[in-house]
Amino acid sequence: MADYGSVITAMVTPFDSEGRLDVARAGALARRLVDAGSDGIVVAGTTGESPTLTEDERAALLAAVLDAVGDRVFVWMGTGTNDTATSIRLSRAAEHQGAHGVMLVAPYYNKPPQAGMLAHFRAVAEATSLPVMIYNVPGRTASNLEPATLARLVEQAPNVVAVKEASGNLDQVGEVRRLLPRPFRVYSGDDSLLLPILAVGGDGVVSVASHLVARELRQLVDAFRAGRVDEAAAIHLRLLPLFKGLFWTANPIPVKTALRWVDFDAGGFRPPLVEMPVEMAGRLRRLLVELELLPA
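Residues numbered from 1 in each chain as written. Predicted model: local features only at pLDDT ≥ 70, side-chain atom pairs only at ≥ 80, totals over all residues. Heavy atoms only, no water.

Participant: Honestly, the overall build of the chain in this entry has me stumped. Any pointers?
Facilitator: Secondary structure assignment for the chain yields 12 helices and 8 strands. Computed over the C-alpha atoms, the radius of gyration of the chain is 18 Å, within 12% of the 19 Å expected from 2.2 N^0.38 for a compact globule of 296 residues. Viewed in the frame of its principal axes, the chain has a C-alpha envelope of about 55 × 45 × 35 Å. Taken over 296 residues, the chain has a buried fraction of 57%. Within the chain, contacts between residues separated by at least 24 positions form 69% of all contacts whose residues are at least 6 apart in sequence. As displayed, the chain offers around 12100 Å² of accessible surface, 53% of which is attributable to carbon and sulfur atoms. Taking the average location of the 29 positive side-chain charges in the chain and that of its 33 negative ones, the two points are 1 Å from each other. (Helix = DSSP H or I, 4+ residues; strand = E, 2+ residues; numbered from the N terminus. Rg over C-alpha atoms; globule rule 2.2 N^0.38 Å. Buried < 20%, exposed > 50% of the residue type's maximum accessible area, 1.4 Å probe, protein only. Contact = heavy atoms within 4.5 Å. Areas by Shrake-Rupley, 256 points an atom, 1.4 Å probe, with all protein chains shown as cover. Lys, Arg positive; Asp, Glu negative; His and termini not counted. Charge placed at Lys NZ, Arg CZ, Asp CG, Glu CD.)

Set out below in structure tokens:
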């Protein structure tokens, strides 16, 4: 099986003090993440503030990450939108530029039926020869890609090789694995559900917390695969408050804030995202101190 990674970081996008894309920091962050234990990177996902990136910025960001770590880990490019033609154009551009795979989020806001999602994903997958990861996140898109629809898609488009499941529904994740055995990959889209999803046959996580604790997530996955379930559970339970804290407000606000404190300033946010409230930031800082990610 191709090595798509098991601790895949959905990377934040660094901006400079003027709010412009900081490609040098993007390359440095990608190297930092891989050195810490990430074995895959997603560029221009939601955590990367993709709705605010221009197509030129997307290309520059992908180039920086490929140059930094493209020979070390699998690099996925977020190319999914709620418009099929745009998603095709972005996916073809990513392939031309050298991305290793593309990640397609379920079409958001326009709430297509299952047949519409099937047609959308199939059209985009057929437009590229790259491996495709589907991203199912009903909380953001207002539509849920059902396991039976995903199974039909994989049958019709064999380059659909993985799903990032962020429905929060373990029964659904189990049904995906039942219908789609390996080598199809099933990734948790929520750090807090990594261990439960591994237990129902998952393959890893597309992570936010890995910006801060990639080594621990790597240890969790390795321990579970080696049959050391108690060890994996202990890591999970220790990190659970962090998993939750990074979503106290809209992602990537908390993780980008935390990165500043751990000596990697990835800049601010593009509107409509804003800084954390002071009280919430104080709680997050105290949490990082408790986890020994910051000095007391």
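Structure shown, so let's carry the discussion forward.
Participant: Just to check I follow, could you spell out the pattern of salt bridges for this structure?
Facilitator: If the charged atoms of two oppositely charged side chains come close together, the side chains can form a pair. Going through the model one piece at a time under the given rule, you end up with 13 salt bridges. The partner of Lys 256 in a salt bridge is Glu 49, and the shortest N-O contact between them spans 2.7 Å. With Lys 256 in helix 11 (residues 253-261) and Glu 49 in the loop between strand 2 (40-43) and helix 2 (55-69), this residue pair connects regions lying 207 residues apart in the sequence. The class for Lys 256 is buried, based on a relative accessible area of 0%. Residues Arg 182 and Asp 203 are paired through a salt bridge, measuring 2.8 Å at the closest nitrogen-oxygen approach. Within this pair, whereas Arg 182 is found in the loop between helix 7 (170-179) and strand 7 (185-188), its partner Asp 203 is found in the loop between helix 8 (194-199) and strand 8 (204-207), the two being separated by 21 residues in sequence. Given the relative accessible area of 45%, Arg 182 is considered partly exposed. The structure contains a network of salt bridges with shared partners spanning Asp 39, Arg 218 and Asp 222. (Salt bridge = Lys/Arg side-chain N within 4 Å of Asp/Glu carboxyl O.)

Participant: It is not clear to me how the pairing of strand 8 should be interpreted in this structure. Could you clarify?
Facilitator: A regular strand carries its side chains on alternate faces of the sheet. Burial along strand 8 is two-sided: Gly 204 and Val 206 and Val 205 and Ser 207, pointing in opposite directions, are all buried. Pairing analysis gives 3 bridges linking strand 1 (residues 7-10) to strand 8, with the strands arranged parallel. When the sheet's bridge partners are listed, Ile 8 is paired in strand 8 with Val 206. (Pairing = 2+ DSSP bridges.)

Participant: Please clarify how the nonpolar core should be interpreted in this entry.
Facilitator: In a soluble, globular protein the nonpolar side chains are often hidden away together inside. Ile 134 and Leu 150 are the most contacted members of the largest nonpolar core, which has 88 residues in total. The greatest single-element share of this core, amounting to 7 residues, is contributed by helix 2. In contact with Ile 134, other than residues within four places in its own chain, are Leu 104, Phe 121, Leu 145, Leu 150, Leu 153, Val 160, Ala 162, Val 163 and Lys 164. (Core = buried A, V, L, I, M, F, W, Y, C linked by side-chain atoms within 4.5 Å.)

Participant: Would you explain helix 1 (residues 23-36) in this entry?
Facilitator: What sets the pattern is the α-helix's 3.6 residues per turn: residues three or four places apart point alike. Taking 1.5 Å per residue, 14 residues should reach 20 Å; helix 1 reaches 20 Å between its end C-alpha atoms and fits that length. Taken together, the buried positions of helix 1 are Ala 26, Gly 27, Leu 29, Ala 30, Leu 33, Val 34 and Ala 36. On its buried face, helix 1 is in contact with strand 1, strand 2, helix 2 and helix 9 (210-225). Looking one or two residues beyond helix 1, the residue adopting positive phi is Gly 37, at roughly 130°. (Expected span 1.5 Å × (residues − 1).)

Participant: I tried to follow the packing of helix 10 (residues 229-245) against helix 12 (residues 278-290) on my own but got confused; where do I start?
Facilitator: To characterise two packed helices, one gives the angle between the axes of the helices and the distance between these axes. At a minimum axis separation of 10 Å, helix 10 and helix 12 run at an interaxial angle of 160°. Here helix 10 lies roughly antiparallel to helix 12, going by the angle between them. The handedness of the crossing between helix 10 and helix 12 is left-handed. Taking contact as the criterion, the partners of Pro 241, Leu 242 and Gly 245 in helix 10 are, on helix 12, Leu 284, Leu 287 and Leu 288. Residues of the contact of helix 10 with helix 12, tallied by class, amount to 5 nonpolar, 1 polar and no charged. (Axes fitted to C-alpha atoms, helices over the stretch in contact; angles between N-to-C directions. Parallel < 35°, antiparallel > 145°, perpendicular 65-115°, else oblique. Left-handed = near helix turned anticlockwise from the far one by under 90°. Nonpolar A, V, L, I, M, F, W, Y, C, P; charged D, E, K, R; others polar.)

Participant: I keep staring at the pairing of strand 6 (residues 160-165) and nothing clicks. Help me out?
Facilitator: Counting buried residues in strand 6 gives 6 out of 6 residues, a clear majority hidden from the surface. Pairing between strand 5 (residues 132-136) and strand 6: 5 bridges, direction parallel. If you follow Asn 136 over to strand 6, its bridge partner there is Glu 165. The pairing of strand 6 with strand 7 spans 4 bridges and is classified as parallel. Bridging from a neighbouring strand, Lys 164 pairs with Tyr 187 of strand 7. Note that the unit made of strand 6, helix 7 and strand 7 has a crossover that is right-handed. (Right-handed = clockwise from strand over helix to strand, strands pointing away.)

Geometric values such as these leave the question of function open.
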